[in-house]
Every structure is written in structure tokens, then in C-alpha cells.
Amino acid sequence: MEKVGSVLVVGGGVGGIQASLDLADSGYKVYLIEHRPSIGGGMAQLDKTFPTCDCSLCIESPKLVESSRHPNISVLGYTELLSVDGESGNFIAKIKKKTRHVDINICTGCGACAQKCVVKKIPSEFDEGIGERKAIYIPFSQAVPNKATIDIDHCRIFAQNKICKVCQKACTAGAIDFDLKDEYEDLNVGAILFATGAVPYDPSELKQYLPDHPDVLTAMQYERLMCANGPTIGHVKRFSDGEEPKRIAFIQCVGSRNPKIGIEYCSAVCCNYATKESIITKEHNMDTDISIFYMDYRACGKGFEEFYKRGQDDYGINYVRSRVAEVYESDGNLTIKYEDLAEARVKEEQFDMVILSVGLSQSKETQELITSIGVDLNRFGNVATTIDHPVETNVNGIFVCGTAQGPKDIPETVAQSSGAAGKIGSLLSESRNTLTTKKELPPEKDVLGLEPRIGVFVCHCGINIGGIVDIPGVVEYVKTIPNVVYATEVPYACSDDGNKQIFDKIHELDLSRVVMAACTPRTHEPLFHATCAEAGLNPFLFEFANIREHCSWIHMNEKEKATEKAKEIVRMSIAKARLLEPLGRGEIPVNQKALVIGAGISGMSAALDLAAGGFPVYLVERTGELGGLLKDITSLPNGEDPKQIVGETIKRVEENKLITVYPNSEVSDVSGSVGNFKAKVISPEKEEEIDFGIAIIATGGEAFKPEGYYGYDGKRVITQFELEKIIDKVEANTIVMIQCVGAREEAPRTYCSKICCTEAVKNAIRIKKQKPKTDIFILYKDIRTYGTNEVLYTKAREAGVIFVRYDDERKPVVNEYVDVYDEFIGENIKIKPDLVVLSTPMVPNDDNAEVGKMFKVPLAPTKFFFEAHVKLRPVDFATDGVYLCGLAHGPKPIDECIAQASAAAGRASIPLAAGKVIAEAIVASPDEERCVGCAICEDKCAYLAVTIEDGKAVVNKAMCKGCGTCVTACPTGAMEQLHFKNNQILAQVKHAFAW
Amino acid sequence: MEEEWTPKITLFCCNWCSYAGSDDAGVGRKQQPPSTRTIRVMCSGRTDPGFVLTALMEGSDAVLFTGCHIGDCHYISGNYKAKKRFEMLKEILDEIGLEDERLQLQWISASEGSEFAEYIRKVTEEIKAIGPSPLRQEWMK
Ligand code: FES
């Protein structure tokens, strides 16, 4: 049976959104459903993200808008999945679109209804209950879809049977209809992706932490409290008395690592978000005292250890290794009673506010939904997957990504999402582009050299603009400006009606420029661009005038001045519009072959995924063998067989006709850019020229050789990695393992290698199983068995493995005896081991720098590669057409490497499948006549897009991102930024103020 | 009643941060004096000294450079370059004796609507205190 070229994505958090965008961009129709009124998930609620303290909504919001505008994504908010029938390639999914009692085709999201609604003080879900909303509401100002929803549990009409039409009267658009009913629909899709996420653990049962006290908040509530769009506009204060807290405590592992409440796992993100929230608090007020009560600090992820260090050194956050017994109230203050683990002593300390670092858990409803469809959950209640298939469920054609699969941070979620999208793309590749729509556009009218004919549309936006600015007055004024051949007012320009009016007038009056005086181009420009293009007008002949955000909304009490300002804003835009030029959005053809560098498990997985999508792959490996590090691993934490995984993968690679393997080879002489790369592949025997459209860097890493550490000799003192190879033959009665050897220290090995604690614990358990009499000591700084690996730590302790903590001031000494201070007994202990095993970090491949230079992609200070964006683009480089995965990106376990490999392949499939990339239109453009070849522009370009050829600047349009920095630097005025040309901006400057 | 004088301030905003921050101020209805006219550029690195001088000569009482916080520039490092350019320009304007307040630089992120509004209020007060720009008056002579 033919596969259906559409996909259902369940869950509109950042994972679901990323997967939807990737799928839609690679030729599939996507239904993105979200049971809440708007998409964005937990990330939209966050103030900042770790470890960069990026503004969370600012980086997520463009993705929200992009998904809602995508011609091939239907964003269905307030919609639930009911059931699934059928099989892989052809499912029928029954969905329920819950009624909002608001017609979303009419609602403009102006918010007038909520302003007028009389039912107040309903705890806002978006603000985690610490803020309020009305009975009709839009969850937050950047909500997508930006539509109002009536909460029938609180609305006077539904909940109290009263007659109330306040919102209906407030809605000038007429969108509110109390009789609207739920709608049901059957979606026919080829695959389903669960991106259902997780929810913050609800601590209400853990009474010992006083969860109901007004000054005890969950970390998510605290996030809302700090956030500028939160209930206090970002002012941190106590709910009990409105005072700013001077001493704040974070209690870690609330709802994690606690078998008593049925949650055995570590939630993997809480240590890092606690540091983030502490740093932000400190940035607001450096005098705030902050203590974080933790058991093991788990900075497992790229840049997290360094972030932890900053928390300690730069911000003076007090990290207290402890176990908290209880929180109690005494004279208005909160006292924490805890066991100080360093001193093995019970202590008490007072605070003004206590934050519970709650873990990630699954909601019952989601679990029930997932199991009702036949998808298995694991013992932790998350969707079950295997190490070699991290995004595939037990049901063919049904996939999973993000925290639905287990606790994880945003970059891991995003990687899994792109990975799942890639896998789905390969699965349905025969049906690619069968259900997607592409608009056929009319030929563009010629405007060059003709006197501009400008049409100006001034939007009332209901009362948002019209209530303040005298719109008829603006229209009359605008009509007096030269070249304006038409000016009119429109009630809602962004409505279908409004767009139709623009379309008609372009035709009727032969308009050659359109100026829209309305809201912000950042959200609405794409819509009007599309309208212009449909009417045969080049979209770059359109100009916005923002008279809402930048005028009516901020001058609400100065109507006259607001009107004057609005006139000037529109005049500035007209001045620029007059000079606008049509821009070509060139297409760059893409060579549909791929290059993958490195044939470890990551590189091989990426190559297989690409080949499954139908793309030929060159797989270059510098050693003589496929399999990388994994072929030397003998067991995996969850009991799966690594030999089988690597063996099967190698076999599949070797049998795949689309993959050409180059062993003992290296890549050199790379040239070109996305779509059209060329390079040489050099081996001792031959040299071959290859051409390809994209490249994936999977150069891997290796285990650090700890020469000079603890008497390392490769015999009695070996590395964890060396132990792996001989583990079945180990003859030792006493073994000491030392963690963090050569890691978490000076640059470049400042990082935590993420996997070593799990490795050590796994190997210890294995030896204990073979020979229960063996004494095993693990000397550690923090046990970082993050996520579900936590159960191994428990298991190891149960098996009798002895854990002894050391710190940097008191490192163990290894001679014939191992001498280490044991804080539990408060004195040094001596162990006589037959074998000492050093857990050393993964280090980057030594030729990363060279590979990086060839592809113009950067390295991080740790010498691992540096991705385009730590949070949202974990497998992309800022340079288009080049991707990364696996250890090349940083230390990580195998399932994560494989998920990243699928992600890189999936992301790379977007240009490969399209066969072309759209070039950026707003690029730099040099005037050869005026260019003197001084090369200042070349120097200023952060993307290496400008070069000097034959004494003249040349811009590589595929590489230019259009920032305009080189233009400003150009001393002769030869360089121009299209659409932001010097004369265009100067025209705005000159028309800014009336005299 | 004599109308209160409103300074004329030309405001350069980068598309990704300060323009978005200004939008955010609007969404939050953060009231500001109607003193500014915004010119959107893709990156603060595009803010050209020529634009600034033109604005001052055409009668702006102040010009503001705004963009993403250092490290946040959408184009990696455009704001570093803007900062350098700003400093250079500052020296020139110092030389001709223009008051410090008339050319300012401020980093504003996309979510800092409140900060944005606060900043505009502050700058407007500052310019009100020193009065209309002497540059334009010079120029008009
Ligand atoms: S994009 Fe904002 S400063 Fe460069």
C-alpha cells in the first residue's frame, strides 16, 4: 500500500515544533496538535535557558511563528488525540478540536475580550498558578495561535448559568460564539510522533518541604516570578509579605531520585536550572544570598560544568552538599534542617524563600493515551526505546522525542526531534512532496525605472490603533505625500478581507509599492509579503510602518501626539518605499550527494539515514576500520549488546549500495558552499575528487590517556576504557576506581565527560556479578549517573560497591596503597588494590581544528566543535550545509550519539530533498566601479562570505547572512546591503521628523 | 498653556533584539514619551556614522544605537563592531563639543520591554534637560 505523505505530531513544545518544521521543510504535510490553547510548551514559560542565560521566549518565539505560517503545517491548538488505527505508512488518527467558543478564523488576538471580562483571579496555568487570568484569555502575549479561549469552568455563562455578554460586546470582530461545539476529525497520516513532553513534578505530597507555604515555590513558579512577562514583571518578591527575599534556598532532587514516591530516576536538568535561576537572581541583586542544597551536582552536558564553576566563582552561590530533612516555619521565616554531608552533621539555617527544584514527571493522561495506542512505556513511565533506536517506539511508524522518552534538556530534545523527523522522512520518502502545497505565483510586474505608485493601507487593528490614533487623519495626510496614489483605512489588515483588499488594489491601481501601517514586521511581514507575491508584486517592494507597538500602544494617553507620530512613521516608510528595489530570491541548486566524515557509530548512523532517504553518501574514515570507539565497548548500561549494535551497523553500511566507504582516508581541499562543495579524498593508495551538497562532521573523540596521573602505567593502573576490553579476564580481589581523572580541571579539559560515572558503575556491577567477592571502591567527586542511569548507582550500592567521595583539596594518593580521606568516618583510609581504574574523559579528535578550518566551522574552547546555537541548533553549524553529530559535538552516551546522527541526517535532508536552497535576498552587494579592493569588508565579515578577487570585493550570496556590517565599514560606499541601502535608510532618517 | 517641548530622538534598532524589545514594550503597553522615531536595521553593525551625522544635522536632538547584548548578536559579532564605531563617533562628537547625552548606546534584548521603555523615558528626560541640539541650529545658519 502506498504510504501517506503526512505526519501527526502530538505535542507543541519545542520538540514537537522543531520536528514539525523539519518535516514540513523536507516535503511532508504536518498536523501539529497541542492540548493546551497555544504551542510553545514549557520552554515558553522559562525566563532564561542554561548555560547561556539566553532569553527563552525570544529564541523560541520565531519558531512558534514560523510553524504557524508554514504552508505545510496545520497548528491545531486546544486539540487532543483520541485514538489511532491502521499501520505504519497509513494511520487514521482521530482528533478532537475542543471548542474555544471563539471562532479562530475571526479572532484577531487583540485581547479586548480578556480586558473586559469580569471573571478575574483565575490562577493562570501559564504562570504556574502564581499569576492570574480571566475566564476568556490568551495565555501569553506572544501566544501561537494568538486566539482567545473561554474557560467554561469559570465563565459566568457556562459555570454559573448567568447572562453575560461582556466579551462578546468587546469583540468588535465578532469572533465569540457561545454555541460553538467541539469538532472531531480523522487525520490520515503516514507516521505519528509523540512529543508529549513532561510536566514539573507536583510536590504537594512532600509535606516535609512545606509545599503549601506562600514563600515555598517550585522552580517553575520561580521561573515565572523572575520573568519579565510574568505576574510581577520580573520582580522577585515573597508572596507572604511582598518583600524582596534576601536569602533564598534551592532544594534539589524534589521528586527525583526518590523510590519512596515511585520516581527512581534523576531528572537531569534540575542542577543546571537551579544554577541558572540563582545566577539570574544574583544578576538582579548581587546581595541576595543563595544556597543550593544538593546531593550530587550533575553538570552533565555541554558547557554545564563551566556554568557550575561560574556559579561558584563569579556569583558566590553557596553549594551545600547535603540531605534536606525538612523545612519549617518560625517567626515568619523558613528554616531548613539538613545533614551537611561534608561534615556528617545535622544543621539548620534560615531563609526568606525556598525553591523546590522539582523533577520532570509524566502526566497520567498522557501515559494512558500513549499506552492505549499500543506504545510501550518503560519502568520509569516514559516511552520505551532502545539504545540503537532512541526515537523509535515498539510500534512501527510511531516515534517519540524529547522528555516523553526520558528526562533531558532542550538541546537533547531538539536533537531527538530532528532525529525523529529524519527517521520519519526516510520512512515515508516515497511519498515526499505528495501532500504538500506550493503556491504558483504569477509573473512579477516590472517596476524598474518607473515612477513609483505607492498604495498605503492604514490599519485600525480594531481599537488597538484606531482607538488612539486618528486614522482618517493619517490617511488624509498620507494622500498629500508625493507618489502616493492610494491611501485607505482598513479595520483589520491581517484578516482575509484585508489581504484581499491589498491584492485587489495592486491590480486595480497598478500599485508598484505597498506600505502597511499596522503592527510589527517581525510577526506580520511574511503574511503581506505573500499577499504581494500573489498579486505579482515583488515582496521586497513592500514596507511596514509600525504604528501599534511603537505608537498607539505606548502613547495611550496622548492621542494627538500619537497621531502626529503615526503620520511621521508612515512618512518614513513611504520615503523608504519610494526607493525600494525588487530583489531576486535566487535559488541555489543542491548537489544531492552527502559527505560524512568519520565512520564511528555516529557517522555510520548518519550515513545510513541519509541513504535510507535515497541520497548517495561518501563515508570517509581515517582508520582502516569502521565502528569507532564503540567496537571496543563490551557492555552497555541497560544490558543491550554493543557488539551486536556495531556489528549490524557495519554490515548495513557495507551492504548499502548508496554508501561509498573510504577507509584509511582523509578529506582535504574543501571548497564551495551549501549545495555545491568539492573536496579531495586522500588515501595512501589514491586521491579522488568528490562533489557533494552537504557535509556531516562525525569525527568522534577518544578516551584521554592519563599520562602522569596516579601512576598510570597501563598495567596495574589502567583507564576505564582499557578495563572495558579486558573486563571478563580481570583477576583482582580489590579494585579502586577513581573518577574525574583529567576532567573538570584546567582548560581545555574543563568539562564533565558525562558518561564516566555511568561507565564506572556499570563496570563495577559487572565485575560484582562475575565475582561477588571482589571489593570495589569508587572514589568520586559527584556521582553523575544522570537521568535513568541513576538506577545503576542504586544497584551498585546494593551490590556492595563502596563509594568514597574526594574533593580537589584532598585527592587520593596512589602508591602500593590508595590513600584517601573518607568524610563519613572523618579520617583517611588505606586500600590495597590489585587494580586501579582511572575514569578519564572523552577528548576531541586531534584533527578537529583542521577539519574545522576546511569547512569554516568553529571549535569551542574545549576543542569540540561549536554548533550554531547551543539550545536550538545542536547539530547545525552557523555555516549552512554543514552539520555535526556524536562525540565531535561533545562527550555523550551512545543513544544520544545515534539520535544526533539521525538529527544531522534529517537536517541535511532538507536541502538535499528540495534539491535547492533559497538564497538570502537581503545580502551585501558590491559596486565594482567604486570598489578599491581595500579588503576591509572581508575582514569585517563574520561568515567569511566576502573575498577579494582580482582586486574587487566579491560576495558569496550563499554564505552572506545579510547583517550589513561590511556595508557600514566600506570606506568608498561601494558595498551596499540590499533592501537596507544607504539611500533607503538615509531617506528614513531625513523624513523622521517634520518641521 | 505652552506646550511642553518633546525632543526628537532617532533610534536605530536591530531586527533581532532591540526592535523586538521595543515591540515587547508595546505589547506590554509600557508607556513612553512620543520622542523617538525608529529605524530598523538587520543588525546594530549596520548603524552607519553617516546616518548618525545626517540625523543630527537634520534636527535630531539625540541618536541612539541599540542592539543585542554582547554575545547575543544574531550575526555573531555585529554589535562589537557597532560598539567600536560608536566609540569612534563619540570621539568626533566630543571634539566638536556635542553633549555626551546626544549619542548613546544601549543593548536591549527581545524580552526587555520594560527596560526599553524605562530607557526611552530616561533618555527623553536627559535631552529635555539639555534642550534642542545646537548642531541643527548651527546647520541652519
Ligand atoms: S543582530 Fe542585534 S546586534 Fe547584531
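The name given to chain B in an unreviewed UniProt entry is F420-non-reducing hydrogenase iron-sulfur subunit, with the source organism recorded as Candidatus Argoarchaeum ethanivorans.

**Student:** What exactly am I supposed to notice about the overall build of chain B here?
**Tutor:** From N to C terminus, chain B includes five helices and four strands. Across chain B, helices and strands are ordered from the amino to the carboxyl terminus as β-α-β-α-β-α-β-α-α. A buried classification covers 62% of the 141 residues belonging to chain B. The contacts in chain B between residues at least 6 apart in sequence include a share of 83% that link residues at least 24 apart. For chain B, the accessible area works out to roughly 5700 Å², and carbon and sulfur atoms hold 54% of it. Each charge class in chain B was averaged separately, 17 positive and 22 negative side chains, and the resulting centres sit 5 Å apart.

**Student:** What is the right way to look at the UniProt feature "domain: F420-non-reducing hydrogenase iron-sulfur subunit D" (unreviewed entry) in chain B in this model?
**Tutor:** Taking the numbering used here, the UniProt-annotated feature "domain: F420-non-reducing hydrogenase iron-sulfur subunit D" (unreviewed entry) corresponds to residues 9–131 of chain B. Measuring from the first to the last C-alpha atom of residues 9–131 of chain B gives 12 Å, for a span that is 45% helix and 19% strand.

**Student:** Any chance you could explain the confidence of the model for chain B here in plain terms?
**Tutor:** Here chain B shows a mean pLDDT of 90. Residues at 70 or above account for 94%. Under the prediction, the complex receives an ipTM of 0.97, its pTM being 0.81.

**Student:** Even after reading the chapter, I still don't get the sheet that holds strand β30 (residues 617–620) of chain A, so can you show me in this structure?
**Tutor:** The strands that make up a sheet are held in pairs by hydrogen bonds between backbone atoms, and each pair lies either parallel or antiparallel. Residues and elements named next belong to chain A. One open sheet accounts for five strands, arranged β31-β30-β29-β35-β46; its pairing is parallel. Looking at strand neighbours, the two that pair on one side only are β31 (659–662) and β46 (882–884), the edges of this open sheet. Taken pair by pair, the neighbouring strands of this sheet meet at an average axis angle of 20°, ignoring direction. Across three bridges, strand β35 (residues 694–697) lies against β46 in parallel orientation. The partner of Ala695 across the bridge, within β46, is Val882.

**Student:** Just checking my understanding: could you explain helix α1 (residues 14–25) of chain A for this structure?
**Tutor:** One full turn of an α-helix is made of 3.6 residues, so residues set three or four places apart face in the same direction. All names here are of chain A. Between its first and last C-alpha atoms α1 spans 16 Å; for 12 residues at 1.5 Å apiece the expected length is 16 Å, and the two agree. For α1, the tally of buried residues reaches 11 of 12 residues, placing the bulk of the element in the interior. Positive backbone phi, at 105°, marks Gly27, one or two positions downstream of α1.

**Student:** Would you mind showing me how to read empty space enclosed by the protein here?
**Tutor:** Unfilled space is identified by rolling a water-sized probe across the atoms. One pass over the structure, following the stated rule, counts 12 cavities of 30 Å³ or more. Along its surface, the largest cavity is lined by 19 residues, and A:Phe544, A:Ser573, A:Gln988, B:Tyr19 and B:Thr38 are the ones closest to its centre. Of all the secondary-structure elements, those providing two or more residues to the lining of the largest cavity are β27 (542–546) and α16 (559–579) of chain A together with β2 (36–41) of chain B. When grouped by side-chain class, the residues that make up the lining of the largest cavity number eight nonpolar, six polar and five charged.

About the cut-offs
- Residues numbered from 1 in each chain as written.
- Chains lettered and ligands numbered in written order.
- Predicted model: local features only at pLDDT ≥ 70, side-chain atom pairs only at ≥ 80, totals over all residues.
- Heavy atoms only, no water.
- Helix = DSSP H or I, 4+ residues; strand = E, 2+ residues; numbered from the N terminus.
- Buried < 20%, exposed > 50% of the residue type's maximum accessible area, 1.4 Å probe, protein only.
- Contact = heavy atoms within 4.5 Å.
- Areas by Shrake-Rupley, 256 points an atom, 1.4 Å probe, with all protein chains shown as cover.
- Lys, Arg positive; Asp, Glu negative; His and termini not counted.
- Charge placed at Lys NZ, Arg CZ, Asp CG, Glu CD.
- UniProt positions renumbered as here; feature names shortened; annotations may be inferred.
- pLDDT = per-residue confidence, 0-100.
- Pairing = 2+ DSSP bridges.
- Axes fitted to C-alpha atoms, helices over the stretch in contact; angles between N-to-C directions.
- Expected span 1.5 Å × (residues − 1).
- 1 Å grid on protein atoms, 1.4 Å probe; cavity = no way out; pocket = protein on both sides within 12 Å on 5 of 7 lines; lining within 4 Å.
- Points joined across faces, edges and corners; volume = space filled by probe spheres on them.
- Nonpolar A, V, L, I, M, F, W, Y, C, P; charged D, E, K, R; others polar.

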